[in-house]
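Secondary and tertiary structure notes
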Amino acid sequence: MNLCIVEYPDKRLRNKSVKIEKFDANLHELLDAMYPLMIQTNGIGLAAIQVGVAKEVLILNIPDEDGEQSKENLIEMVNPVLTNQRGETTYQEGCLSVPSFYEDIDRFEFLTVNYQDRDGNTQTLEADGLLSIAIQHEYDHLQGVLFIDKLTSSRRRKFEKEYKKMLKEKKTSK
Ligand code: Y12
Ligand code: CO
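The structure contained in this document is the topic of the report that follows.

As for the coordination of the cobalt ion (ligand 2)
- The coordination sphere of the cobalt ion (ligand 2) contains the protein donors Cys95 (SG), His137 (NE2) and His141 (NE2), at a distance range of 2.0 to 2.2 Å.
- Donor residues for the cobalt ion (ligand 2) sit on one chain with the sequence pattern C-x41-H-x3-H. Of this pair, Cys95 sits in strand β4 (residues 89–95) while His137 sits in helix α2 (residues 129–142), placing them 42 residues apart in sequence.
- On the basis of relative accessible area, His137 is assigned to the buried category, the value being 6%.

Structural notes on unusual backbone geometry
- Here the residue pair Tyr8 and Pro9 is connected by a cis peptide bond, since its omega of 15 degrees sits within 30 degrees of zero.
- Tracing the chain through its elements places Pro9 in the segment before α1 (25–40).
- Residues other than glycine seldom take positive phi values, yet Asn42 does so here, at roughly 65 degrees.
- Its place among the elements puts Asn42 in the loop between α1 and β1 (45–47).
- The phi angle at Ser100 is positive, at roughly 65 degrees, despite the residue not being glycine.
- Residue position: Ser100 is located in strand β5 (residues 98–107).

Things to note about the environment of Lys170
- Residue placement: Lys170 occurs in helix α3 (residues 153–172).
- The class of Lys170 is partly exposed, set by a relative accessible area of 37%.
- Along the sequence, Lys170 and Val57 sit 113 residues apart, while their C-alpha atoms lie 30 Å from each other.
- The contacts of Lys170, once residues within four sequence positions are left out, are Glu7 and Pro99.

Quick notes on the pattern of salt bridges
- Under the defined criterion, the tally for this structure stands at 14 salt bridges.
- Residue Glu93 is joined to Arg107 by a salt bridge in which the shortest nitrogen-to-oxygen separation is 2.8 Å. Of the two residues, Glu93 sits in strand β4 while Arg107 sits in strand β5, which places them 14 residues apart along the sequence. In terms of burial, Glu93 and Arg107 fall into one category: buried.
- With a closest N to O distance of 3.0 Å, Asp149 and Arg156 form a salt bridge.

Scoring rules and cut-offs
Residues numbered from 1 in each chain as written. Chains lettered and ligands numbered in written order. Predicted model: local features only at pLDDT ≥ 70, side-chain atom pairs only at ≥ 80, totals over all residues. Heavy atoms only, no water. Donors = N, O, S within 2.8 Å, 3.2 Å for Na, K, Ca; no water. Helix = DSSP H or I, 4+ residues; strand = E, 2+ residues; numbered from the N terminus. Buried < 20%, exposed > 50% of the residue type's maximum accessible area, 1.4 Å probe, protein only. Contact = heavy atoms within 4.5 Å. Salt bridge = Lys/Arg side-chain N within 4 Å of Asp/Glu carboxyl O.

Here it is as structure tokens:
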């Protein structure tokens, strides 16, 4: 399966993802193709809609204390539901679908997520820190929401201007 990252302002990023009903070879093929793409592009989280597939699937691979991104720590979530969100935290977020842009975003500090794994088994995970932030960021993708939607209107205007300029420069350098 050959996948590539869908980048803002592509409208597909606004699609709402639908629940997975079949935990079959197609799902496994999608998950297996998302992982190397995320690693090659230096990502720590990727939602299926970012590769143009509007299904409730996301993967996360948070680096350990030594900054190592080990496949042992890969988390695959299907049909995630967030509960028990509490506390406040701010982190400078980035997104593979919005290249070269990073901004401080407010999130819940803690959460519980109920999800299914690739075989349809129900799982529960309590998260804090970077994992909690990444789960919220990727979960937003499943609703068609991007981190730039959370900027103040003046910051968003500035972003749109800078991003347009970046796209224009990219186009002329080709
Ligand atoms: C905290 C905040 C946000 C998340 C969501 C997952 N985000 C990413 O994985 C972002 C990755 C990313 C990688 C980039 O590539 C390089 O740094 C080489 C990047 O830079 C460019 O596009 C030029 C931007 C974002 C999880 C946790
Ligand atoms: Co993202």
